[in-house]
Structure formats: structure tokens, C-alpha cells
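Here's the letter readout for the chains.
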Amino acid sequence: MICPKTNTLMLLSAAVAVLALTIPGTCDADGAATPSPPAWTVPDMDKLPDDASGKLVRYGRDLVSKTSSLIGPEVADAEKRFAGNNLDCQSCHISAGTQKFALPLVGVYANFPAYAARIGRVETIEERVQNCMERSMNGKPLPPDGPEMTALVAYLKFLSTGHPAGVAIDGRGSGQMPELDRAADPDKGKKVYATTCAACHGNNGEGQRNGKAGDAKGYMFPPLWGADSFNDGAGMHRLIESANFVHSNMPAGTTWNEPALSPSDAWDVAAYMNAQPRPKLPDLSRDYPDKLEKPVDAPYGPYADGFSIEQHKLGPFAPIKAAVAALKDKARR
Ligand code: HEC
Ligand code: HEC
């Protein structure tokens, strides 16, 4: 495509011209071509050859969809017990990471290495996986060169087939519904939970196993809190992340374009879920070396702003965002 004001630029630089002509995109205010996100396409596993590389990708997908049976805390081989809970990666990265706004893994590999505020430096895709291993899966890091990490990265790379480096896909994350101008209300959320969630996830958030404890068969409906769920350092433990995930994806079968819950019910039920007990990760205060880069909904201090931990957990977030923006502005001057 050709943008009105880039023509001169294109005469100057053949490389820019090629880019502007081959990547579909939009023109920003200055008329510069910016590549639009790649279309939502999931590469076909069935077309993978039955050779070593195809097998590696398939094993990577199994590690995402059957994590509890392969590297969970109940597997027979004690050496392979890397995850600390019986969730699967796809308890959150729904359908093995192939669904829009269900924390997809499609196109993610193409966006790594990437700056990670939590550690204050650029991180690799392997480090990003370890992050979910230690927090979402409440477990240990995988051996960096072992077969599990190699297979997971091969699967992630496969899911980025045809994706230009550094361009985020439309559908990444879990959505961005409007925020409330009040604090989310766990008491209201408790009622939503009882009517809309408990039938699958249990009255005490304990979920429902496929079989019985100790059999490494994982869950039909994963636990939302308690000893066998994600820990307090996990992304799902942040309100904005979990409320959007619930709004876009729950009850199971819901998709982002037809949410079942109203935004306010989603905010309140996520607040209720996050107020329940779960495993604790030590040393969380070390996260985000620059506290101004801490997400406003990080449910643990310290913070650079003067807001209470309660408001960071429940909102409203707009006043915190404004205060953080002002502090950043001041720091720049
Ligand atoms: C309890 C829910 C949960 C489970 C289980 C989970 N994750 Fe995640 N994962 C998340 C959330 C939430 C994010 C996004 C967090 C953020 O950065 O805001 C994420 C992000 C990621 C990302 C980066 C995605 C992106 O768009 O940049 C990768 C890669 C990833 N997870 C891999 C895994 C793998 C592999 C497993 C299993 C070993 C796993 N996750 C298990 C919740 C989960
Ligand atoms: C029909 C059964 C069902 C209902 C009802 C349901 N869920 Fe789920 N939930 C699931 C399943 C199954 C998964 C695993 C992901 C998938 O395959 O969809 C899941 C995953 C989750 C996860 C991420 C994994 C984890 O263990 O934390 C959260 C959070 C969640 N549900 C919250 C809710 C909330 C809140 C409600 C009520 C608004 C709800 N769910 C209603 C079946 C259900």
C-alpha cells in the first residue's frame, strides 16, 4: 500500500518502498506506513511432517494441553515434576493457545526477545515460559536445554509461522473492557460466583478433577484458588488481567465477541476470586525494579505512588494511572 506522504521517502529508500508495498497496513497521522497486525491464522498441525521436527512441535503442544500428565506434581517420574500444581498451560492459554483473547500463544514468539518491566530488562521467550512455570504453575523452572523447554519453544515458534517479527497480533492478551469508576466489589462477586461459576469450579474454587488425587490426570474444571492453583505472583492474580480473561472466556465456551457476563459482574467476580487464599511466592517486593513500571493492578507492594494496596487490588485504577503518569513526567524532567 502507498501512503500519501511516504512517496518522497520511498524514492529515497528502496528498502522502505519494498516494505511499504509488501506489508498491508495503515497510514498514521504523519502518513507513515505502519504494518497492521497479521491476520488471525493458526498454522495447521496436521500439515507437519512426521519427522523429528514435527514430533518436537507436537510434544510442545502436548506440554501445553496436558501439562499435568507430563510435568505435573503427580507424574510417576519424580525428576519430571516441574509444575507445582495440576493446572495445564491451556487452563489459561485456552485450546493450546489458539484462541483470540484467551491469552493466545499464536504470534507470541515473533514478539520476543522483549523488554519485561518485571525484571527491568529484555527477556527471552524461554525466560517468559519460566515465568509462567514459577508463578502460574507454582513450580520450578524447566532445565533450560532440556527436552521440555526445547519442545515448548518449538511449538511457540510454529505458532508464529508467517508472523513478522515485533508485530503484535490482534487478539493477544485477554481483552480490554472498560474499567469501573468504583472499586470492584468482592461481596457482589461472591453472588456472581455462586450462580455462574461454582457449578464447574466448585463452591470453594477447588475445581473438578478428571480422576482422583494422585493420578496425574489433571482437571476437567481447574481450581481457581487454594493449594493446587496459581500463586500470588501470577498474572492471573492481577485484577485487570483476570477480569478481562473471565469476561472474554468464562463460563467455558464463551468467546470474546459474545461475552456472557456484564463488565461489572466480571470485575466483581474476579475480585472475589483474587481475594481467596492461594500459594505464596517469596520475595515479590523485588519485582519491577523500577516501581513506576509496575502494573497498577499488581496486588503487592511496594508502589511508587501513594495509593493503598486495597486500591491497587480493586481499583478504581484511573486515579492511580494519572498519578503514575505525573510521577513519570516529573522523573523525565
Ligand atoms: C493461571 C493461568 C496461566 C497458566 C496456567 C499459564 N499461563 Fe502463561 N500467561 C498467563 C497470563 C495471565 C499471561 C499474560 C501475563 C502478562 O504478561 O500480563 C501469560 C503469558 C504467557 C506467555 C507470553 C504471552 C504474550 O502474549 O506475551 C507465554 C509464552 C506463556 N504465558 C506460556 C505459558 C506456558 C508454556 C504455560 C505452561 C507451562 C503457561 N503459560 C501457563 C497465565 C497462565
Ligand atoms: C461450564 C464450566 C465452567 C464454568 C461455568 C466456568 N468455568 Fe472457568 N474454566 C472452565 C474450564 C474448562 C477452564 C479451562 C479452560 C478451558 O478449557 O476453557 C476454565 C478456566 C478458568 C480460569 C483459568 C484457569 C484457572 O484455574 O484459574 C479462570 C480464572 C476461570 N475459569 C474463572 C471462571 C469464573 C470466574 C467463572 C464464572 C464467571 C467461570 N470460570 C465459569 C470451565 C468453566
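So, how was this worked out
Residues take numbers from 1 onward in each chain, read along the sequence in its written order. Each chain takes a letter, starting from A, and each ligand takes a number, starting from 1, following the order in which they are written. Selection of residues for local features in this predicted model requires a pLDDT of at least 70, selection of side-chain atom pairs for listing and counting requires 80 or more, and totals for whole chains, interfaces and linings are taken over all residues. Secondary structure counts use DSSP, requiring at least four H or I residues in a row for a helix and at least two E residues in a row for a strand, with both numbered from the N terminus. Three classes are used. A residue is buried when 20 or more other C-beta atoms lie within 10 Å of its own, exposed when 12 or fewer do, and partly exposed in between, with C-beta atoms placed from the backbone. In this analysis, residues qualify as near a molecule or strand once their C-beta atom, positioned from backbone atoms, comes within 6 Å of it. Classification convention: Asp, Glu, Lys, Arg as charged; Ala, Val, Leu, Ile, Met, Phe, Trp, Tyr, Cys, Pro as nonpolar; all other residues, Gly among them, as polar. What counts as a contact is two residues whose backbone-derived C-beta atoms lie within 7 Å of each other. When buried Ala, Val, Leu, Ile, Met, Phe, Trp, Tyr and Cys residues are joined through C-beta atoms within 7 Å, the set is termed a nonpolar core. Lines fitted to C-alpha atoms define the axes here, with helix axes fitted over just the stretch in contact, and angles between the N-to-C directions of these axes take values from 0 to 180 degrees. Oblique is the label for any angle not under 35 degrees, not over 145, and not in the 65 to 115 range, which are roughly parallel, roughly antiparallel and roughly perpendicular in turn. If you view the pair so one helix is near and one far, a crossing is left-handed when the near helix is turned anticlockwise from the far one by less than a right angle, and right-handed when it is turned clockwise. Expected helix span is computed as 1.5 Å times (number of residues minus one).

The name given to the protein chain in an unreviewed UniProt entry is Cytochrome c class I, and the organism recorded there is Hyphomicrobium denitrificans.

A few words now on the overall build of the protein chain. Per the secondary structure count, the protein chain includes 13 helices and 6 strands. Within the protein chain, buried positions represent 38% of all 333 residues.

Turning our eyes to something else, we now look at the site of ligand 1. Around ligand 1, the structure places 23 residues, and the nearest of them are Cys89, Cys92, Cys132, Ser136 and Gly235. Per-element accounting of the shell around ligand 1 gives the leading share, 4 residues, to helix 6 (residues 125–134).

Right, let's get into the site of ligand 2. Close contacts around ligand 2 come from 24 residues, with Cys197, Cys200, Pro222, Pro251 and Ala252 the closest. Of all the secondary structure elements, the ones that give two or more residues to the shell around ligand 2 are helix 9 (198–201), helix 10 (239–249) and helix 11 (263–274). Here the residues of the shell around ligand 2 are counted per class, giving 19 nonpolar, 5 polar and no charged.

A few words on the environment of Lys328. Position of Lys328 among the secondary structure elements: in helix 13 (residues 318–332). Assessed through the 13 C-beta atoms surrounding it within 10 Å, Lys328 is described here as partly exposed. Between the alpha carbons of Lys328 and Leu292 there is a distance of 6.9 Å; along the sequence they are 36 residues apart.

Let us look at helix 10. Counted residue by residue, helix 10 has 11 buried out of 11 residues, so it is predominantly covered. Here helix 10 has its buried residues at Leu239, Ile240, Glu241, Ser242, Ala243, Asn244, Phe245, Val246, His247, Ser248 and Asn249. The inward-facing, buried residues of helix 10 abut helix 5 (94–97), helix 11 and helix 12 (309–314).

For the rest of this paragraph, the subject is the environment of Asn231. When you line up the elements, Asn231 lands in the loop between strand 6 (219–221) and helix 10. Residues Asn231 and Asn85 lie 146 residues apart in sequence; the distance between their C-alpha atoms is 9.5 Å. In this view, Asn231 contacts Arg135, Asn138, Arg278, Pro279, Lys280 and Leu281; residues no more than four positions away in its chain are not counted.

Tyr155, Leu156, Val246, Ala266, Val269 and Ala270 are the most contacted members of the largest nonpolar core, which totals 62 residues. Secondary-structure elements contributing two or more residues to this core are helix 3 (52–65), helix 4 (67–71), helix 5, helix 6, helix 7 (147–158), helix 8 (186–196), helix 10 and helix 11. Setting aside chain neighbours within four positions, we find Val246 in contact with Leu261, Ala266, Val269 and Ala270.

Turning our eyes to something else, we now look at unusual backbone geometry. Glycine aside, the phi torsion of most residues is negative, and most peptide linkages are trans. Here the amide bond leading from Gly301 into Pro302 is cis, since omega sits at -5°, within 30 degrees of zero. Checked against the element boundaries, Pro302 lands in the loop between helix 11 and helix 12. A cis amide bond links Gly315 to the next residue, Pro316, at an omega of 0°. Mapped onto the elements of the fold, Pro316 is located in the loop between helix 12 and helix 13. Residues other than glycine seldom take positive phi values, yet Phe101 does so here, at roughly 55°. Judged by the 22 C-beta atoms lying within 10 Å of it, Phe101 falls in the buried class.

Looking now at the packing of helix 8 against helix 11. In a pair of packed helices, the angle between the axes and the distance between the axes together describe the arrangement. Helix 11 packs onto helix 8 with a crossing angle of 95° between their chain directions and a minimal axis gap of 7 Å. Taken together, the axes of helix 8 and helix 11 are roughly perpendicular relative to one another. Contacts from Pro186, Lys188, Gly189, Lys190, Val192 and Tyr193 in helix 8 reach Asp265, Asp268, Val269, Ala271 and Tyr272 in helix 11. Its residues assigned to classes, the contact of helix 8 with helix 11 comprises 6 nonpolar, 1 polar and 4 charged.

Between helix 6 and helix 7, the shortest axis-to-axis distance is 11 Å and the interhelical angle comes to 110°. When the axes of helix 6 and helix 7 are compared, the pair comes out roughly perpendicular. Considering only the axes of helix 6 and helix 7, their crossing is right-handed. Contacts between helix 6 and helix 7 involve Ile125, Glu126 and Val129 on the former and, on the latter, Met149, Leu152, Val153 and Leu156. The residue inventory of the contact of helix 6 with helix 7, partitioned by class, reads 6 nonpolar, no polar and 1 charged.

Note on placement: Lys80 falls in the loop between helix 4 and helix 5. Taking the C-alpha atoms as reference points, Lys80 and Leu142, separated by 62 residues in sequence, lie 9.2 Å from one another. Lys80 has contacts with Ile71 and Val75, leaving out every residue within four places of it along the chain.

With that settled, consider helix 7. Taking 1.5 Å per residue, 12 residues should reach 16 Å; helix 7 reaches 16 Å between its end C-alpha atoms and fits that length. Those residues of helix 7 that fall on the buried side of the exposure criterion are Met149, Ala151, Leu152, Ala154, Tyr155, Leu156 and Phe158. Each element contacted by the buried residues of helix 7 is listed here: helix 3 and helix 6.

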